[in-house]
Each structure stands twice: as C-alpha cells, then as structure tokens.
Amino acid sequence: MKVSTKLELIRQQINDACLKVDRNPKEIKLIAVTKYVSKERAEEALEAGVYDLGENRDEGLLEKWEVFKDKPTWHFIGSLQTRKVKNIIDKVDYIHSLDRISLAEEIHKRASQKVKCLVQVNVSGEESKHGMSSDEVIHFIEQLQPFENISVVGLMTMAPNTNDIQVLRNCFRKLKELGEQIQKMKLDYAPCMELSMGMSNDFLIAVEEGATMVRIGTALVGEND
Ligand SMILES: *Cc1c(COP(=O)(O)O)cnc(C)c1O
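Predicted model, so just to flag it, every value in this text is computed and none were measured.

Rules behind the numbers
Residues numbered from 1 in each chain as written. Predicted model: local features only at pLDDT ≥ 70, side-chain atom pairs only at ≥ 80, totals over all residues. Heavy atoms only, no water. Buried < 20%, exposed > 50% of the residue type's maximum accessible area, 1.4 Å probe, protein only. Helix = DSSP H or I, 4+ residues; strand = E, 2+ residues; numbered from the N terminus. Pairing = 2+ DSSP bridges. Right-handed = clockwise from strand over helix to strand, strands pointing away. Disulfide = S-S within 2.5 Å. Near = heavy atom within 4 Å. Polar contact = N/O pair within 3.5 Å; in protein donor to acceptor, adjacent residues only side chain to side chain. Areas by Shrake-Rupley, 256 points an atom, 1.4 Å probe, with all protein chains shown as cover. Nonpolar A, V, L, I, M, F, W, Y, C, P; charged D, E, K, R; others polar. Expected span 1.5 Å × (residues − 1). Contact = heavy atoms within 4.5 Å.

K.L.:
How would you explain the pairing of strand β2 (residues 52-55) if you had to name every residue and give the values?
P.N.:
Burial of the side chains of β2 extends over both faces: Asp52 and Gly54 are buried on one face and Leu53 and Glu55 on the other. Bridge analysis of strand β1 (residues 29-33) against β2 gives three bridges, and the strand direction is parallel. Considered in β2, the bridge of isoleucine 31 is made with aspartate 52. Viewed along the sheet, the connection from β1 through helix α2 (residues 39-47) into β2 turns out right-handed.

Pasting the structure below:
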C-alpha cells in the first residue's frame, strides 16, 4: 500500500478516536518513524503530508538528514549514548529519550540553543525498556533546573508489548497523570505539555488517553501490508 493511502487511513482512525473522547485531532502530532525504511520511503511520507520524522539511531538520522535537511521536524526517539549527542544536537528538534543526568549535562554543553526534550519513563517497569521508573521522574526533573539549554516539553513512554488493552490503557494513563503532576509544579524550564506515547499497535488507545505525539513506523511506512 502507498504511504499516502496508509496515512489517510491512520488520520481517519485518529479522528475517530478523538471524536470518541471529545478531543481535537489538531492536538496530535503524527511522527513517521522511518528507522526501518529507505530515504525514498521516507520521502513518500513527506510528500503525503507528514511534517515530522523520527529516527532512533544517530546514523539513521544523519543519513536522512543529509537528504531532507530542515524540511521536516526531526525527533530523536531512541536511547541516546552520551558520546553521540554532538553528532545530532544541531539537527534535531526534539529528543524523546532524556533519561539520566549525564545525558542532560552533555545536551546542555553541546547545544547552541534550547533543546526540546521529553523525559523517557518506563511506566510498565519492564526490564527490557529504557527510561526511568515513574517514582524517579519528579526528582529527576527538579535536578534539571541548572541546564538552561534544556526545556522539558513532555514525557515519553513505550508501552509493554501486549494486546491487553487494559494494560496499555493503564500505562498511558499513568504517564498522563505524571505529566499533570509536573505541570502543577509550574517550572519555567519544564512546561511538560506533551505526551509522546503510542506506536503502530497501540496508538489509538494512546490517543484516547491523551497522547499529543504518536510515533508510527510499521503501520505508516512499513513495506509489508
Ligand atoms: C521503532 C519505534 C517506534 C515505532 O514502532 P512501530 O511499532 O513500527 O510503529 C516508536 N517509538 C520508538 C521509541 C521506536 O523505537
């Protein structure tokens, strides 16, 4: 299936999910995750009307950045090694995987202007997932105050790999509650309005639970229909 056809379908599904819970679809940024696909396939997404691209490795990001430059909004969504920060820092608009102070230090040091970051939370507590546990988030964000080049615009999570809708829902709900707690702290450097949650298998539940960014790879740009 062409990317444009899939995009239309996904946008329609997002609209329906929004209707169900009385949300405005304009609140939701659709990020095309192009990590498994060619530049050509990524270009199809841009031509079909996607504005946001997500990559999870520095090599993948740099390779596609060479082609598309500043045309898309770039999201770095993978776990980020400290020594790789310098490679991507002036190319990305959002980093979704801030999960430790040493990484914050490096981002602050290398950035020439404020970088929009999301704190990655391992809500489900699965060992295989990156991110900090829910009960560490508030303290972590308090520690970010000295890093003037970091703006904590939101939280990100990856839900467990399951088809159990209730488990997924609970995971997204917890992230939303955490985001609201942080908003109440009214920190200038951490407005925390964004919730980056939902992938190919669970983005509709994430939208129902308040996602403002969904990260969709397989369902949008995957080559197998
Ligand atoms: C790969 C990836 C996605 C997209 O996954 P799909 O299931 O293909 O939609 C989203 N978020 C992160 C962090 C990823 O690594």
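K.L.:
Lay out the state of the cysteines in plain terms, naming residues and giving numbers.
P.N.:
Inspection of every chain in the model, using the stated rule, returns zero disulfides. Its sulfur unpaired, cysteine 18 is 19 Å from the next cysteine sulfur, which belongs to cysteine 171. A relative accessible area of 0% places cysteine 18 in the buried class. Here cysteine 192 is not disulfide-linked; the sulfur of cysteine 117 is the nearest cysteine sulfur, at 12 Å.

K.L.:
I'd like a description of the site of the ligand, backed by residues and values.
P.N.:
In the vicinity of the ligand, the residues found are Val33, Lys35, Tyr36, Ile77, Met156, Met158, Met199, Ser200, Arg215, Ile216, Gly217 and Thr218. In this structure, an oxygen atom belonging to the ligand sits 2.5 Å away from a side-chain N or O atom of serine 200. Contacts to the ligand include glycine 217, whose backbone N or O atom sits 2.8 Å from an oxygen atom. Here the ligand has 390 Å² of accessible area as a free molecule, and 92% of this is covered by the chains. Split into classes, the residues belonging to the shell around the ligand amount to seven nonpolar, three polar and two charged.

K.L.:
Lay out unusual backbone geometry in plain terms, naming residues and giving numbers.
P.N.:
We note that aspartate 22 has phi near 60 degrees; this positive angle belongs to a residue other than glycine. Within the secondary structure layout, aspartate 22 lies in the loop between α1 (3-21) and β1. At cysteine 192, a position not held by glycine, the phi torsion is positive, near 55 degrees. Its location among the elements puts cysteine 192 in the loop between α7 (165-184) and β7 (194-196).

K.L.:
Describe α7, and please don't skip the residues or the numbers.
P.N.:
Between its terminal C-alpha atoms α7 stretches 29 Å, which fits the 28 Å expected from 20 residues at 1.5 Å a residue. If you follow the buried residues of α7, they end up packed against α6 (137-142), β6 (150-156), β7 and α8 (203-208). Following α7 by one or two positions, lysine 186 adopts a phi angle in the positive range, close to 50 degrees.

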